[in-house]
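Residues per chain, in single letters:
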Amino acid sequence: MKQRSYPYLDLIRGLAALAVFFGHARSLFFVDYQPGAGWLSRLFYFSTGFGRQSVMVFFVLSGFFISRAIHTRWAGNTWSWRDYLVRRLSRLWVVLLPALVLTCLWDFIGSRFGMDRSIYLGTALAKINVGRVADKISVPIFFGNLVFLQTILVPVFGSDTPLWSLANEFWYYMIYPCLVCGWKQGRTNRVATLWFIVAVGLLVFVGRDISVGFVIWLGGALAYRISQGLAHRGHRFSAGWLVGSLGLLVILLALTRAEHVVRNQADCLVGAGTIPLVIILATNADGCGPWLAGAAARLADMSYSLYAVHLPLLVCLSAFLVGNQRWDFTLQADLNWLFICTVTLAYAYGVYWLFESRTDRFRKAIFTRIR
């Protein structure tokens, strides 16, 4: 049975990946915001300043889709830890492994031959600080990132700092089904308690910051359960609800930019604002036109590749083109920046085409071997 599609959520996922990408590209190539700048400059800097917030949106969407996969399997009596792990790990590794190898390549080129290598020494003026890259490239760190221990036991590999969130994602993938198994398989208090102890133990292992993110991720799982119930009853939200939820999210996003709001508070604000919007868009999913649905699906399909591979290339290009002499917001600089963004997007699409688009083929090959 074909699962229901959610084109509006695909669109949000793709836009969130673009927000992270454009935020990094702006920070690496343009000077920091200068007070008194014109309205166009203010709009540009403001709209490209929601990178971390976009990752929180990813977490909510991930909670929605992963919980859907888990509960669908349980409902059909086809749940299996083996199959689940194959599906999740194949999805993650088919992009992560090439991303780590490509990070080695771009970091080597940029740090050896770049015009200004301060970005690789952690001394560049750009707001993006990838740290001292030479200290973060080694075989143990490579494999630590490959098994999702970055930010827990090892640093993020090289200059590819966005990989921090993949550790979050993987451990959420492990913790949530433990909770579900405790609920579904808890025929005795002892079995349920064992599953819950495993889940709590994993939360302790990953630490406070990742555990806080799990609360946001659970919001996506909650959104799935609510939207599923509403859709089964044939409920649809009016345009007013959609406008209201968008307004709420915009207000909360603006609040995250306030100086007195700390990081975890900002993360929770974004999560709280995203959940109602996801519920409404998922419930009204059938109202999306075919053209928009197709475009959203294509954008969402390459969002993981774009997220995982863009930064090392941008860092390398910045070492050759700008270094510490970042550009002012001028027409010529804008055109140069747009060209760099276009090249990087094409590169990310190439990685998607070579690897991520073949995820199903890779997954089928694994299932053929283990069954």
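Calculation criteria
Residue indices begin from 1 for each chain and proceed along its sequence in written order. This being a predicted model, a pLDDT of at least 70 is required before a residue's local features are given, and a value of 80 or more before pairs of side-chain atoms are given or counted; all residues contribute to the totals for chains, interfaces and linings. Values shown for side chains rest on all heavy atoms present in the structure; no hydrogens or waters enter the calculation. Orientation is described by lines fitted to C-alpha atoms, with helices fitted over the stretch in contact, and by angles between N-to-C directions that extend from 0 to 180 degrees. Secondary structure elements are defined from DSSP: runs of H or I of at least 4 residues count as helices, runs of E of at least 2 residues count as strands, and each element is numbered from the N terminus. Take the far helix as the reference: if the near one is turned anticlockwise from it by less than a right angle, the crossing is left-handed, and if turned clockwise, right-handed. In this description, contact between two residues means that some pair of their heavy atoms is separated by no more than 4.5 Å. Basically, the charged four are Asp, Glu, Lys and Arg, the nonpolar ten are Ala, Val, Leu, Ile, Met, Phe, Trp, Tyr, Cys and Pro, and anything else, Gly included, counts as polar. Exposure categories follow from relative accessible area, calculated using a 1.4 Å probe and restricted to protein chains: below 20% of the type maximum is buried, above 50% is exposed, and the middle band is partly exposed. One confidence number per residue, pLDDT, is output by the predictor and ranges from 0 to 100. In this analysis, the expected span of each helix is defined as 1.5 Å times one less than the number of residues it contains. Without a salt bridge and with relative accessible area above 30%, a residue can belong to a patch; like charges are then joined within 9 Å and nonpolar side chains (Val, Leu, Ile, Met, Phe, Trp, Tyr) within 5 Å. Every accessible area reported is derived by Shrake-Rupley at a probe size of 1.4 Å, with residue values counting cover from the shown protein chains alone. In what follows, salt bridge is the name for a side-chain nitrogen of Lys or Arg lying within 4 Å of a carboxyl oxygen of Asp or Glu. Aromatic contacts are taken between Phe, Tyr and Trp rings whose centres are within 6.5 Å, Trp giving its six-membered ring; a plane angle under 30 degrees counts as stacked, one over 60 as edge-to-face, and the others as tilted. Put simply, a charge is over a ring when the Lys NZ or the Arg CZ is close to the ring centre, within 6 Å, and near the line of the ring normal, within 35 degrees.

Asker: Help me out: how do you make sense of the packing of helix α7 (residues 164-184) against helix α9 (residues 208-232) in this one?
Answerer: The N-to-C vectors of α7 and α9 enclose an angle of 65°; their axes lie 10 Å apart at closest approach. By crossing handedness, the relation of α7 to α9 is classed as right-handed. Residues N168, E169, Y172, Y173, I175, Y176 and L179 of α7 form the contact with α9, whose participating residues are I210, G213, F214, W217, L218 and A221. In terms of residue class, the contact of α7 with α9 is made up of ten nonpolar, two polar and one charged.

Asker: Got a minute to help me understand unusual backbone geometry in this structure?
Answerer: As a rule of thumb, non-glycine residues mostly have phi less than zero, and peptide bonds are mostly trans rather than cis. For F148, which is not glycine, the phi torsion reads 65° and is therefore positive. Its relative accessible area of 1% is what places F148 among the buried residues. Within the chain, T151 stands out as a residue other than glycine whose phi angle is a positive 70°. Within the fold, T151 resides in the loop between α6 (139-146) and α7. The exposure class of T151 is partly exposed, given its relative accessible area of 45%.

Asker: What's the story with the confidence of the model for the chain in this structure? I'm lost.
Answerer: Across the chain, pLDDT averages 91, with 97% of residues at or above 70. Mean pLDDT across the elements of the chain ranges from a minimum in helix α5 (residues 118-121), with 86, to a maximum in α6, with 97.

Asker: Explanation requested: helix α1 (residues 7-29) in the structure shown.
Answerer: An α-helix turns once every 3.6 residues. As a result, residues three or four positions apart point the same way. Along its 23 residues, α1 runs 33 Å from first to last C-alpha, staying within 8% of the 33 Å computed at 1.5 Å per residue. Of all the 23 residues making up α1, 18 are buried; the element is thus mostly covered by neighbouring parts of the structure.

Asker: What exactly am I supposed to notice about a nonpolar patch on the surface here?
Answerer: Residues F108, F113, F320 and L321 make up a contiguous nonpolar surface patch of roughly 390 Å² in combined accessible area. Among the elements of the structure, α4 (81-113) and α13 (303-321) are those that each provide at least two residues to the nonpolar patch. Under the relative-accessibility criterion, F108 is labelled partly exposed at 41%.

Asker: Looking at this structure, how should I read the environment of A99?
Answerer: Within the secondary structure layout, A99 lies in helix α4. We classify A99 as buried; its relative accessible area is 1%. With residues up to four places along the chain from it excluded, the contact list for A99 reads D160, A308 and V309.

Asker: When you look at the packing of aromatic side chains in this model, what are you seeing that I'm missing?
Answerer: Both the distance between ring centres and the angle between the ring planes are used here to describe each pair of aromatic rings. Using the criterion set out here, one finds 39 aromatic pairs in the structure. For the ring pair F58 and Y307, a centre distance of 5.7 Å and an interplane angle of 70° mean the geometry is edge-to-face. Separated by 249 residues along the polypeptide, F58 in helix α3 (residues 51-75) and Y307 in helix α13 bring together distant segments of the chain. The residues F58 and Y307 share a single accessibility class, namely buried. The interplanar angle of 40° and the centroid separation of 5.5 Å between the aromatic rings of Y172 and F214 together place this pair among those described as tilted. Remark: F214 occurs in helix α9 and Y172 occurs in helix α7; sequence separation between them is 42 residues. Across the pair, F214 and Y172 agree in class, each one buried. Three or more aromatic residues joined by ring pairs make a cluster, and in this case those are F21, F22, F29, F30, Y33, F44, Y45, W327, F329 and W337. Directly above the aromatic system of Y173 lies the positively charged group of R88, at a separation of 5.5 Å from the ring centroid. Directly above the ring of W353 sits R358, whose terminal nitrogen or CZ lies 4.6 Å from the centroid.

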